[in-house]
Amino acid sequence: MDAHAKTRHPAFKLAPCATKSYGASPVAALCRQVKWTSATLAPTAFPELMAAAGYHQAVFAAMPDDLPQRIQTWPEALWLAWRHALQQCWQAAQVADADLASKFAHFGWALELWGLVRDAQYVLRAASRDPADCWLWLARCEAATGRLPEAMAYVSRVLANAPLHADARRLQTRIGPRLRQQQALAAQVRSGPMLRLESLNEAHAAAMAWQYRDPHIAQATDLPELVDEAAVHAWLIEQTVEVGRHNYAVMHLHYGFIGVVSLAAVGTQAFIHYWLGVDYQGQGHALPATTLLTTQARAMGMQTLFTSVLPSNKRSVRVLNRLGFGALAVPPLRDADAALQFSCLHLDGAAVEPDADLAALMTLCAQLDAPLLLAELAGANPPLAQSEATTCY
């Protein structure tokens, strides 16, 4: 889907219904409220009604079936409120009814809740619904969450019974190149139970544009502003010509794309950066995501990793400390680089060597066309590119 089909109204807030109080209403009354007034109820009322009912499945079952068709045009705050409400409702429901599971699947698909859709399809499969249809839904969910071998396995099941199945063949064509790229990565990073990496590509463009919507991410990582999916596509093309650049999508079992980890390598040294999307910051994903990156770097033959961070980004500083990065005493630098704290990690566990590692950092940045300019030289040199900042989560 086009992530930027979601409209944006930063000032939009979910307001409680002013005309009625649902708090004391029994579930049956709330169901009648939904059925009788669904055509005139504001979209904001539906999450509120589900919350008032304690996320009872009966209230969700009474929701209009065509609501998923409207979701794409909802403001961001309403879209996020619906995601929360639907997840709460699914967790409270313990759904066994096939029709209700199908409804959850369609709402979950529109809200990009891939784990919920996957679980709903398991219910439908157990209910002996059309297996080919369930397998295709599951294949799409697995592809959306970076579980590409599992996705291809479901597609193969469909094609084994119907070799000319058009949807399955199209899905096979889309998944195949991604799977081949992922299989080139270290086994540990492409088969994790909760997070996996895969090479960042056009399949992630819509999700990346949506998760990158906070301008602070671009500021913290020194990456360009990517205002929409087209801008992400253009940036991805530019990245393919950068020698030594390796960008990876961080894929979550339930939510799919949640961020990017990256390294720019020269020989056995690399500068890393990473960021997590707006909806997934502060949830404990940074450490496992960067651990996957260091694992991949080690598998690529990297021996030393460098990075930088704003000292005010306390979360990032903690993550880097837990990874084993040691701070480097860098002389005063020019412009924006002056605010950064640089650090180093030897993947063989060796301690940081201040002088040698500082010299290696300066050399690496120069080789990456992002030299660090000493402050006292600023008047004698033309403006030069900044080093990459890192981490936003």
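Scroll up to find the structure this text is about.
Residues numbered from 1 in each chain as written. Predicted model: local features only at pLDDT ≥ 70, side-chain atom pairs only at ≥ 80, totals over all residues. Heavy atoms only, no water.

(A) A look at the pairing of strand E5 (residues 304-309). Counting buried residues along E5, 6 of its 6 residues qualify, which places the element largely inside the surrounding structure. The two faces of E5 match: Thr-304, Phe-306 and Ser-308 on one face and Leu-305, Thr-307 and Val-309 on the other face are all buried. Where strand E4 (residues 269-276) meets E5, 3 bridges bridge the pair, whose relative direction is parallel. The residue bridging Ala-270 from the neighbouring strand is Leu-305, located in E5. With respect to chirality, the unit in which E4 leads through helix H15 (residues 286-299) into the neighbouring parallel E5 is right-handed. As paired elements, E5 and strand E7 (residues 341-346) share 6 bridges and run antiparallel to each other. Within E7, the residue paired with Thr-307 across the bridge is Ser-343. (Buried < 20%, exposed > 50% of the residue type's maximum accessible area, 1.4 Å probe, protein only. Helix = DSSP H or I, 4+ residues; strand = E, 2+ residues; numbered from the N terminus. Pairing = 2+ DSSP bridges. Right-handed = clockwise from strand over helix to strand, strands pointing away.)

(B) Spotlight on the packing of aromatic side chains. Here the structure, examined in full by the defined rule, presents 12 aromatic pairs. Arranged with centres 4.9 Å apart and planes meeting at 75°, the rings of Trp-90 and Phe-104 form a pair that is edge-to-face. Of this pair, Trp-90 sits in helix H5 (residues 76-93) while Phe-104 sits in helix H6 (residues 98-110), placing them 14 residues apart in sequence. Phe-104 carries the same exposure label as Trp-90, and that label is buried. Taken together, the ring pairs connect Phe-46, Phe-60, Trp-74, Trp-82, Trp-90, Phe-104 and Phe-107 into an aromatic cluster. The ring of Phe-60 carries Lys-103 above its face, with NZ or CZ at 5.8 Å from the centroid. (Phe/Tyr/Trp six-rings, centres within 6.5 Å; stacked < 30°, edge-to-face > 60°. Lys NZ or Arg CZ within 6 Å of the ring centre and 35° of its normal.)

(C) Fine view of the sheet that holds E5. Pairing is mixed across the open sheet formed by 7 strands, whose spatial order is E1-E2-E3-E4-E5-E7-E6. Each end of this open sheet is capped by a strand with a single partner; those strands are strand E1 (195-199) and strand E6 (326-327). Here H15 sits on the sheet in contact with E1, strand E2 (245-252), strand E3 (256-266), E4, E5 and E7, set at roughly 50° to E1. (Contact = heavy atoms within 4.5 Å. Axes fitted to C-alpha atoms, helices over the stretch in contact; angles between N-to-C directions.)

(D) Representation of the nonpolar core in the model. By size, the foremost hydrophobic cluster in this structure holds 44 residues, and its most contacted members are Met-50, Val-59, Phe-60, Met-63, Trp-82, Leu-86 and Phe-104. Mapped onto this core, the elements with two or more residues apiece are helix H1 (27-37), helix H2 (45-52), helix H3 (57-61), helix H4 (67-71), H5, H6, helix H7 (114-126) and helix H8 (131-144). It is H5 that provides the largest number of residues to this core, a total of 8 residues. Aside from chain neighbours lying at most four places away, what touches Met-63 is Val-34, Phe-46, Met-50, Trp-82, Lys-103 and Phe-107. (Core = buried A, V, L, I, M, F, W, Y, C linked by side-chain atoms within 4.5 Å.)

(E) Geometry of helix H16 (residues 314-323). For H16, the complete set of buried residues consists of Ser-316, Val-317, Val-319, Leu-320 and Leu-323. End-on, the buried residues of H16 take up no more than an arc of 160°, which puts them together on one face. Away from its buried face by more than 90 degrees, H16 exposes Lys-314, Asn-321 and Arg-322. Looking at the buried side of H16, the elements it contacts are E4, H15, E5 and E7. Phi for Gly-324, located one or two positions after H16, is positive at around 100°. (Arc of directions from axis to C-beta.)

(F) Representation of the pattern of salt bridges. This model, assessed by the stated rule, comprises 12 salt bridges. Across the salt bridge formed by Glu-242 and Arg-245, the nearest N and O atoms sit 3.5 Å from each other. The network of salt bridges with common partners includes Arg-118, Glu-142, Arg-147, Glu-150 and Arg-196. (Salt bridge = Lys/Arg side-chain N within 4 Å of Asp/Glu carboxyl O.)

(G) Just the side chain of Thr-294, in detail. The residue Thr-294 is located in helix H15 in this model. Apart from the residues within four sequence positions on either side, Thr-294 is in contact with Leu-305, Leu-345 and Leu-347.

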